[in-house]
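Survey of secondary and tertiary structure
Here are the chains, one letter per residue:
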Amino acid sequence: MSENNEHEHSNDDGHGHDGGHHVNYFKIYVVLVVLFLISVAGPEVGEMTGLRWITLITAFGIAVVKANLVIQNFMHLRWEKNLMKWVLATSLILMFLMVAGISPDVMNHEGNNWENVAAKAAVERGVDGEAEEETMVVAAPVGFTPQGAFQTVCATCHGTAGDGNGPAGAALDPPPANFTDAAFWADRDKQRIMTVIQDGAAAVGGSSLMAPFGALYTDEQVSELADYVISFAPDGAAPGGE
Amino acid sequence: MAHAKPLATLRSATGIPTGRLAVWWVLASEVVIFGGLLGVYLMHRIGHPEWADAAAHTQTWIGALNTFVLLTSSFTAVLAHQAAEKGNGKEAAKFLCFTILGAMTFLVVKSFEWYNEISHGYTITANTFWSFYYTAAGLHALHVIAGAIIMGVVAFDAFRGRELHRVELIGIYWHFVDVVWIFLFPLLYIAK
């Protein structure tokens, strides 16, 4: 079954002597792991020094070296017949030809007498949408908690204690609602709080300064957030039930 | 035993054993499949600077963990080959089982990673970056699954001392799967 037709090395000290292939597999493995660790550390160094090319070299340069080590020593390509190397090389060349042929159209968004409007719009949207996306990530973070959402989103105006004294609230007219005021709760129930969070205060005839935040949260999360808002109400003033 | 085999397995105009020739042919076509996919990803990534925002959300340490797992499984696959060359089928089967264990670990880590991302809204339809992310890593994961299944069959035979040459063949395929990940890792996790 095994083909021992190429005894290039006659010495056998117990290290990976396969069909004449003398390879210290463990040594190759250790080198691969070390290269891998360098590629992971690359972006850190690149960031510290502000040199992006360090990241690119440690990422792709090392990938090429690692791939070559695996292909030559683990797949034993360097002992394979030349025919097979040519077949693989042909594949690789055809692949590069295809990519090179397509790339001018994909990487440029305009040229002589043509313009890729959709691609330009996508880049534009992406760059403009950056700020918007950042808020989304902050506002609807990993592992929603009503406290967390209130402190990141609501507290800016309504204050961390829910008393309407948030840093951005001082300039607003009418001022932000004070959830610790018993009078505020006299005519409000949970359903109304949820509506205001989702659709804005204007939806119930209030100030349009209280913007709608429904896009940030699921119904379940809005319900939890409303419960949290109600928890600021003084004893006896909290609305009961839904 | 030989008389039961198809003629093609006994002839070799190229001097390369038929099974190994077949595996190399498969890999030559895989080069175009994965190479084309990654090449197209790369040119889009360069043409669309806004992808950097989406790419920033991939979790480097999970990718790194899986890279280490696959490198190690490649090492055990080549040890299986070494054992098979010495005619030690039981030893070869043992190392193949370690390799399958590596494949399983890889898939478990990947499921955890994808579950996390999908539950945060980063789905295959979120934008073109995530489309490529799931297509490339998904196609690769299918190769991991296929490799693990075939390795199971080969290990079963090898343990009984049968068809030991196949240990090398599945090994070559497995190293290729490792090589694909070696390129996917920097593309999706490092140089983002």
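Residues numbered from 1 in each chain as written. Chains lettered and ligands numbered in written order. Predicted model: local features only at pLDDT ≥ 70, side-chain atom pairs only at ≥ 80, totals over all residues.

**Brief notes about the overall build of chain A**
Scanning chain A for helices and strands turns up 8 helices and 4 strands. Listing every helix and strand of chain A by position from the N terminus yields β-β-α-α-α-β-β-α-α-α-α-α. Expressed as a percentage of its 242 residues, the buried residues of chain A come to 20%. Taking contacts inside chain A between residues at least 6 apart in sequence as the whole, the part at least 24 apart equals 38%. (Helix = DSSP H or I, 4+ residues; strand = E, 2+ residues; numbered from the N terminus. Buried ≥ 20, exposed ≤ 12 C-beta atoms within 10 Å, placed from the backbone. Contact = placed C-beta atoms within 7 Å.)

**Considerations on the overall build of chain B**
Assigned secondary structure in chain B consists of 6 helices and 0 strands. What you see in chain B, going N to C, is helices and strands ordered as α-α-α-α-α-α. Counting all 192 residues of chain B, 44% fall into the buried class. Residue pairs at least 24 apart in sequence account for 78% of intrachain contacts in chain B once pairs closer than 6 positions are excluded.

**Comments concerning the interface of chain A and chain B**
Listed by partner, the interface residues are 50 residues for chain A and 42 residues for chain B. Elements that contribute at least two residues to the side of chain A that touches chain B include exactly α1 (25-49), α2 (52-74), α3 (82-107) and α4 (117-139) of chain A. When residues of the side of chain A that touches chain B are assigned to their parent elements, the largest contribution, 14 residues, is made by α3 of chain A. Here the residues of the side of chain A that touches chain B sort into 34 nonpolar, 10 polar and 6 charged. (Nonpolar A, V, L, I, M, F, W, Y, C, P; charged D, E, K, R; others polar.)

**Quick look at unusual backbone geometry**
Of note in the backbone geometry, N113 of chain A takes a positive phi value of approximately 65° without being a glycine. Residue position: N113 of chain A is located in the loop between β3 (110-111) and β4 (114-115). For N113 of chain A, a count of 5 C-beta atoms within 10 Å puts it in the exposed group. Non-glycine residue E163 of chain B carries a positive phi angle of around 50°. Secondary-structure assignment places E163 of chain B in the loop between α5 (128-159) and α6 (165-190).

**Let's talk about the nonpolar core**
In terms of nonpolar packing, the biggest core is built from 72 residues, with A80, A92, L96, A158 and V167 of chain B touching the most fellow members. Here this core takes 19 residues from α6 of chain B, the largest share from any one element. Look past the residues within four positions of A80 of chain B in its chain and what remains in contact with it is A92, F95, L96, T99, V167 and G171 of chain B. A149, F179, Y217 and L225 of chain A belong to the second largest nonpolar core, which has 17 residues in total. (Core = buried A, V, L, I, M, F, W, Y, C linked by C-beta atoms within 7 Å.)

**Section: the confidence of the model for chain B**
Interpretation of the predicted coordinates at a detailed level should be avoided for regions scoring low in pLDDT. Per-residue confidence for chain B gives a mean pLDDT of 91, with 95% of residues at or over 70. Across the whole predicted complex the pTM is 0.69, and at the interface the ipTM reaches 0.88. (pLDDT = per-residue confidence, 0-100.)

**Let's talk about α6 of chain B**
For α6 of chain B, which comprises 26 residues, the first-to-last C-alpha distance of 37 Å matches the rise-based estimate of 38 Å (1.5 Å per residue) to within 8%. Taking burial as the measure, the 26 residues of α6 of chain B include 25 buried ones, the bulk of the element. (Expected span 1.5 Å × (residues − 1).)

**Considering the environment of G47 of chain B**
Mapped onto the elements, G47 of chain B comes out in helix α1 (residues 18-47). Exposure remark for G47 of chain B: the 18 C-beta atoms within 10 Å place this residue in the partly exposed category. When sequence neighbours within four positions are dropped, the list of residues in contact with G47 of chain B reads V106, M107, H109 and A119 of chain A.

**A short note on the packing of α5 of chain B against α6 of chain B**
All names here are of chain B. Where α5 contacts α6, the two axes come as close as 10 Å, and the packing angle between them is 160°. What the angle tells us is that α5 and α6 run roughly antiparallel. Considering how the two elements wind past one another, α5 and α6 form a crossing that is left-handed. Here α5 contributes Y133, A136, A137, H140, H143, V144, G147, I150, M151, V154, D157 and A158 to the contact with α6, which in turn contributes R166, V167, I170, Y173, W174, V177, V180, W181, L184 and L188. (Axes fitted to C-alpha atoms, helices over the stretch in contact; angles between N-to-C directions. Parallel < 35°, antiparallel > 145°, perpendicular 65-115°, else oblique. Left-handed = near helix turned anticlockwise from the far one by under 90°.)

**Quick word on helix α5 (residues 146-158) of chain A**
Residues and elements named next belong to chain A. In this model α5 runs just 14 Å from its N-terminal to its C-terminal C-alpha over 13 residues, more than 12% under the 18 Å that 1.5 Å per residue would give. The sharpest bend along α5 comes to roughly 45°, located at T152. Regarding α5, the residues found buried are A149, F150, V153, C154, C157 and H158. Of the residues flanking the end of α5, it is G159, one or two places downstream, whose phi is positive at about 85°. (Bend = angle between axes of the 7 residues up to and from the residue.)

**A word on the confidence of the model for chain A**
All names here are of chain A. Looking at chain A as a whole, the pLDDT averages 80, with 83% of positions reaching at least 70. Mean pLDDT per element in chain A: strand β1 (residues 17-18) is the minimum at 42, and α3 is the maximum at 91. This model gives residues 1-18 a pLDDT under 50, and the stretch forms 29 contacts once residues within four places in sequence are excluded. Predicted confidence is poor over residues 131-141, with pLDDT under 50, and the contacts of this stretch with residues over four places away or in other chains come to 8 contacts.

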